[in-house]
Amino acid sequence: MTTADDARGRRRDLARGGAIGLIGSVFSAAMGFLLIIVLGSLGDYSSGVVLQAIGVYSIALGVARLGMDSAAVWIMPRLKALQSPATTRTAIFVIGSSAVGGLLAALVIYVALAILSALGLWQADVIAALTTIAWTLPFASAFLAALATLRGLGDILPYVVIGNIAVPALRPAGVLIVIGLGGGIALVSLAWASPVVIALGAALIVVRAQLRKTSVHADTSPTAQPSQDGLARPRVAATRYAGPRLLSSSLEQLLLWLDVVLVGVIAGASDAGVYGTASRFIAAALIVDTAIRLVVSPEFSRLLHLRKHEELRSIYATATLWLVLFSSPIILTLVTFAPLVLSLVGEEFVRGASAIAILGAGAIVTLLAGNIHSVLLMSGRSGWAAFNKAVVVGLNIALIWWWVPAWGINGAAAAWAVCMMVDALLAWIEIRVLVGIRIGLLAGVYPLFITLVSVGIPALALRLLWGPTWPALLASVALGGLIFLAWCRLDRQRLHLRDLRGLTNPRGSK
């Protein structure tokens with residue numbers, strides 16, 4: 001098989017795996033959207049309290065995982081490539097370590113909450129909500145490590161079914177039931193957190209079955225000599241990798257949720273509810289990014305392990321092209337009709353429309369860098385990733401404290417957008433300097449141009465003509481969708497859309 005044929009085959013594998021991930025991500029985003037609407041029925045104050053509790057919980061979970069979920073995604077493909085008998089022992093070590101980390105994190109939270117409550121330094125409702133859900137942290141951290149183990153082994157389907165379908169579906173359903181029964185904020189928070197307890201059991205069953213049946217075929221071609229990367233002692237290697245990831249994953253959760261918590265501290269629970277809702281909409285719009293990252297991270301690890309840098313660049317460029325092509329239409333439509341979308345949650349949330357516009361602009365610019373963070377992490381430079389996150393979190397805190405008092409939730413949105421762009425730029429520089437791989441940033445420019453012309457212009461024109469109304473939204477989706485699909489059809493070769501045949505034809509076209 002030629003290099004070109006091999007690259008096309010990898011793109012088809014990316015398409016198939018990405019399709020499975022996309023289905024799960026779309027469903028997860030829909031359930032996240034539904035959850036925001038359900039929480040919105042509580043009002044901006046109560047939803048703000050719950051979102052603050054979820055934010056602190058998520059930050060604690062970033063610490064509790066001890067970086068072992070990322071270590072699993074990094075090390076499992078390499079152990080498979082080596083046909084290592086230590087694969088099962090390493091999986092047990094990764095999941096067990098995360099469970100212990102969750103237990104320690106829960107104990108720290110309970111002690112901290114007791115102190116804060118005694119001193120009266122935080123909102124009583126937030127403390128009550130966190131007290132109710134902190135005990136689930138060991139289950140949640142072990143669950144995420146188990147899912148990462150499946151992902152590292154290349155078993156995407158159960159990862160998606162359990163992590164992207166089952167748990168996201170149970171959360172809004174449970175919250176809705178609790179609200180219907182008249183439960184308070186603490187019980188609503190518990191309904192959100194508790195599904196991971198059941199999901200952990202399911203994930204462990206699948207991990208055990210997968211480890212038993214996995215048959216590994218290593219790439220032993222003369223041009224692909226795998227590096228050992230210290231894998232003679234895989235648990236030590238995983239621990240060394242996870243150390244910096246403990247810091248960076250904790251900082252990643254800070255980037256995702258600290259702005260919501262700080263807005264609550266600075267501006268109050270109501271503003272936190274509005275801003276948290278706006279930011280969750282943008283997070284839900286990044287479903288394609290989530291789907292593609294699920295597939296490319298283990299693939300990047302494998303290619304870096306085999307030193308196939310040219311193939312990595314090819315896969316990276318295709319992934320970036322698809323990421324921008326299929327993500328930016330969703331974001332542009334959401335930004336254009338933000339007041340209408342936010343009105344679904346409640347009229348008091350409509351004032352978050354400008355924040356969505358700022359967040360969306362920052363997200364689109366960041367998408368142009370593609371999965372640059374995955375390349376850096378899968379190269380083993382988890383320490384540099386942690387350094388990047390530390391810089392960006394510090395910048396985020398400084399900007400929030402500076403801009404929120406002056407600009408409110410728009411200041412928090414601008415801080416997030418700036419920080420995401422700085423984070424991507426740092427990773428890109430480090431890939432070129434430390435890893436020695438020259439990755440361009442132009443792969444996403446053309447698909448962004450396609451989206452702006454085919455989707456952005458019709459959406460903006462209809463918004464100006466009819467306002468942020470349902471007829472305007474539906475017409476823009478129909479018109480923009482037709483133009484977008486026609487363009488993709490005519491330019492399918494340049495956009496590598498022929499490789500999407502792999503979704504329906506396992507053999508693909510030669």
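In what follows, the structure referred to is the one given above.
Residues numbered from 1 in each chain as written. Predicted model: local features only at pLDDT ≥ 70, side-chain atom pairs only at ≥ 80, totals over all residues. Heavy atoms only, no water.

A.B. asks: Quick question: what am I supposed to make of the overall build of the chain here?
C.D. replies: Within the chain one finds 20 helices and 0 strands. Sorting the 510 residues of the chain into buried and exposed places 55% on the buried side. In the chain, 84% of the contacts between residues at least 6 apart in sequence involve partners at least 24 apart. Total accessible area on the chain stands at roughly 20,600 Å², and carbon and sulfur atoms take up 69% of it. (Helix = DSSP H or I, 4+ residues; strand = E, 2+ residues; numbered from the N terminus. Buried < 20%, exposed > 50% of the residue type's maximum accessible area, 1.4 Å probe, protein only. Contact = heavy atoms within 4.5 Å. Areas by Shrake-Rupley, 256 points an atom, 1.4 Å probe, with all protein chains shown as cover.)

A.B. asks: Whenever I open this one, the environment of Ala 269 confuses me. Can you help?
C.D. replies: Relative to the helices and strands, Ala 269 resides in helix 11 (residues 269–285). A relative accessible area of 6% means that Ala 269 is categorised as buried. Once the C-alpha coordinates of Ala 269 and Tyr 45 are considered, the two residues, 224 residues apart in sequence, prove to be 5.2 Å apart.

A.B. asks: Looking at this model, I keep getting lost on the pattern of salt bridges. Mind explaining?
C.D. replies: Side chains carrying opposite charge are able to pair once their charged atoms draw close together. Counting across every chain of the model gives 2 salt bridges. A salt bridge links Asp 271 to Arg 351; the nearest nitrogen and oxygen atoms lie 2.9 Å apart. Remark: Arg 351 occurs in the loop between helix 14 (338–343) and helix 15 (353–367) and Asp 271 occurs in helix 11; sequence separation between them is 80 residues. In this structure Asp 271 comes out as buried when scored by relative accessible area, which is 17%. Owing to a relative accessible area of 42%, Arg 351 belongs among the partly exposed residues under this scheme. Among the salt bridges present, the one from Asp 423 reaches Lys 389, with a minimum N-O distance of 3.0 Å. Of this pair, Asp 423 sits in helix 18 (residues 409–435) while Lys 389 sits in helix 17 (residues 382–407), and the two are 34 residues apart along the sequence. In this structure, Asp 423 and Lys 389 share a single accessibility class: buried. (Salt bridge = Lys/Arg side-chain N within 4 Å of Asp/Glu carboxyl O.)

A.B. asks: I tried to follow the packing of aromatic side chains on my own but got confused; where do I start?
C.D. replies: Here the structure, examined in full by the defined rule, presents 6 aromatic pairs. Ring centres 5.7 Å apart and planes at 80 degrees place the aromatic pair Trp 384 and Phe 387 in the edge-to-face group. Of this pair, Trp 384 and Phe 387 both sit in helix 17, 3 residues apart, which is roughly one turn of the helix. An aromatic cluster is defined as three or more aromatic residues linked by ring pairs; in this entry it consists of Trp 402, Trp 403 and Trp 407. It is Arg 171 that lies over the ring of Trp 192; its NZ or CZ is 4.2 Å from the centre. (Phe/Tyr/Trp six-rings, centres within 6.5 Å; stacked < 30°, edge-to-face > 60°. Lys NZ or Arg CZ within 6 Å of the ring centre and 35° of its normal.)

A.B. asks: Any chance you could explain the nonpolar core here in plain terms?
C.D. replies: Considering soluble globular proteins, one finds that nonpolar side chains tend to be buried as a cluster. By size, the foremost hydrophobic cluster in this structure holds 143 residues, and its most contacted members are Phe 143 and Tyr 275. Here this core takes 13 residues from helix 18, the largest share from any one element. Excluding residues within four positions of it along the chain, Phe 143 makes contact with Ile 162, Gly 163, Val 167, Val 196, Ala 199, Leu 200 and Ala 203. Core analysis: the second largest hydrophobic core is formed by 6 residues, Ala 459, Leu 462, Ala 472 and Leu 473 among them. (Core = buried A, V, L, I, M, F, W, Y, C linked by side-chain atoms within 4.5 Å.)

A.B. asks: How should the packing of helix 5 (residues 124–133) against helix 8 (residues 185–193) be read in this particular structure?
C.D. replies: Packed helices, taken two at a time, are described by the angle their axes make and the gap between the axes. Taken N-terminus to C-terminus, the directions of helix 5 and helix 8 make an angle of 40 degrees; their axes are 8 Å apart at the nearest point. Considering only the axes of helix 5 and helix 8, their crossing is right-handed. Contact with helix 5, carried on its side by Asp 125, Ala 128, Ala 129, Thr 132 and Ile 133, involves Ile 185, Ala 186, Ser 189, Leu 190 and Ala 193 of helix 8 and no other residues of that element. Here the residues of the contact of helix 5 with helix 8 sort into 7 nonpolar, 2 polar and 1 charged. (Axes fitted to C-alpha atoms, helices over the stretch in contact; angles between N-to-C directions. Left-handed = near helix turned anticlockwise from the far one by under 90°. Nonpolar A, V, L, I, M, F, W, Y, C, P; charged D, E, K, R; others polar.)

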